[in-house]
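Now for the letters of each chain:
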Amino acid sequence: MISNFETLIFSVSEDIGTLTINRADKLNALNIQVLRELKGALTELRAAPIRGLIVTGEGEKAFIAGADIAEMKSMEPGEALAFSELGQLVTLAFEALPYPCVACVNGFALGGGFEMALSCDFIFASKNAVFGLPEVKLGLIPGFGGTQRLMKIVGERRAREIIFSGRNISSDEAKNLGIALEVYADKAQLLAETQNWFKTALKNSSCAIYEAKQVLGKGLVEERKAFGAIFQTQDMIEGTAAFLEKRKAEFKGKIL
Ligand code: COA
């Protein structure tokens, strides 16, 4: 369904894609190659005939242990700016997917890995998940959207505390802070339960999910425009009719 990429694995089961960052020997660290491949894959995935995406990391140890420190070490400021822009484009592309995208965080989600997970619709984690933005420990700052997106979840003060300390956040704390919505025993359970979540959610109208995703956080004007537009869809006609006829709705699941 998407091109072959050296650092990514892609599979589909029951309309739900799974995108795995496959660089386990370096704890799936994001180097330029991984980011370029992700950018290409996300362009293809935007138009792919799937209804949801799971993002995870290869192996048991890490989701993604951050941007590649060895590669960053020798970057000039201009190269670093371009690297940050590339990482930001990837996170924006995750955010813009026309269907739900869930980050399944197994093990370390540090730096750019945490930032990538933050750009998905939400995060489910395994017990061994460790989150953090440790950039300041390396004399760096977060550069793939972390200074913006974390605040929206944990509030500005807590985001400052997490970024300034660079400390690790356990899966339990991540759940308390609203970073991870659920914590599962291990990676196998994490992936199985996420697949189950999708199975239930995708019984709903894909048009409606798409429209809701477009307007979340965009303001009341956008909300009412989308609310009006949704009345042109077959799914709205079917969903309301099915309720009134006391039967299950059969959504066509087409995106507007
Ligand atoms: N960039 C480049 N390489 C990385 C990496 C990163 N962000 N994170 C891990 N790796 C590499 C290690 O260098 C090591 O490579 P090697 O086997 O060739 O020496 C390999 O992945 C395994 O990591 P290792 O450090 O041996 O595993 P560990 O279990 O001892 O420690 C971590 C795990 C996550 C605590 C540790 O790897 C770490 O601190 N990574 C960097 C995290 C970070 O600061 N990320 C933000 C970057 S801005």
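Remember, predicted model here, so these are calculated numbers, not experimental data.

**Comments concerning the overall build of the protein chain**
Then, number 1: Counting secondary structure elements, the protein chain contains 11 helices and 10 strands.
Then, number 2: What you see for the protein chain is a C-alpha radius of gyration of 19 Å, in line with the 18 Å of a compact globule of 256 residues.
Then, number 3: Judged by the C-alpha coordinates and their principal axes, the protein chain covers about 65 × 40 × 40 Å.
Then, number 4: The burial tally for the protein chain puts 46% of its 256 residues in the buried class.
Then, number 5: When contacts within the protein chain are restricted to residue pairs at least 6 apart in sequence, long-range pairs at least 24 apart make up 70% of them.

**Considering the pairing of strand E7 (residues 122–126)**
Then, number 1: Of all the five residues making up E7, five are buried; the element is thus mostly covered by neighbouring parts of the structure.
Then, number 2: Neither face of E7 is open: one carries Phe122, Phe124 and Ser126, the other Ile123 and Ala125, and all of them are buried.
Then, number 3: Strand direction decides the pairing type here: strand E5 (residues 101–105) and E7, joined by four bridges, are parallel. Across the sheet, Ala103 pairs through a bridge with Ile123, a residue of E7.
Then, number 4: Both E7 and strand E10 (residues 182–184) contribute to a ladder of three bridges, which runs parallel. Counted as the bridge partner of Ala125 is Val183 from E10.

**Examining the sheet that holds strand E2 (residues 16–21)**
Then, number 1: One open sheet accounts for six strands, arranged E1-E2-E3-E5-E7-E10; its pairing is mixed. The strands lining the two open edges of the sheet, one partner per strand, are strand E1 (8–13) and E10. Taking each pair of neighbouring strands and ignoring which way they run, the sheet shows an average axis angle of 20°.

**Topic: the site of the ligand**
Then, number 1: As a matter of local geometry, the ligand sits amid 16 residues, with Lys26, Lys61, Ala65, Ala67 and Ile69 nearest to it.
Then, number 2: Between the ligand and the protein, one listed contact pairs an oxygen atom with a side-chain N or O atom of Lys61 at 2.6 Å.
Then, number 3: With the chains in place, 59% of the 860 Å² that the ligand exposes on its own is no longer accessible.
Then, number 4: For the shell around the ligand, the secondary-structure elements that each account for two or more residues are helix H2 (69–73) and strand E6 (108–110).

Parameters at a glance
- Residues numbered from 1 in each chain as written.
- Predicted model: local features only at pLDDT ≥ 70, side-chain atom pairs only at ≥ 80, totals over all residues.
- Heavy atoms only, no water.
- Helix = DSSP H or I, 4+ residues; strand = E, 2+ residues; numbered from the N terminus.
- Rg over C-alpha atoms; globule rule 2.2 N^0.38 Å.
- Buried < 20%, exposed > 50% of the residue type's maximum accessible area, 1.4 Å probe, protein only.
- Contact = heavy atoms within 4.5 Å.
- Pairing = 2+ DSSP bridges.
- Axes fitted to C-alpha atoms, helices over the stretch in contact; angles between N-to-C directions.
- Near = heavy atom within 4 Å.
- Polar contact = N/O pair within 3.5 Å; in protein donor to acceptor, adjacent residues only side chain to side chain.
- Areas by Shrake-Rupley, 256 points an atom, 1.4 Å probe, with all protein chains shown as cover.

Nothing here speaks to function; it is all geometry.
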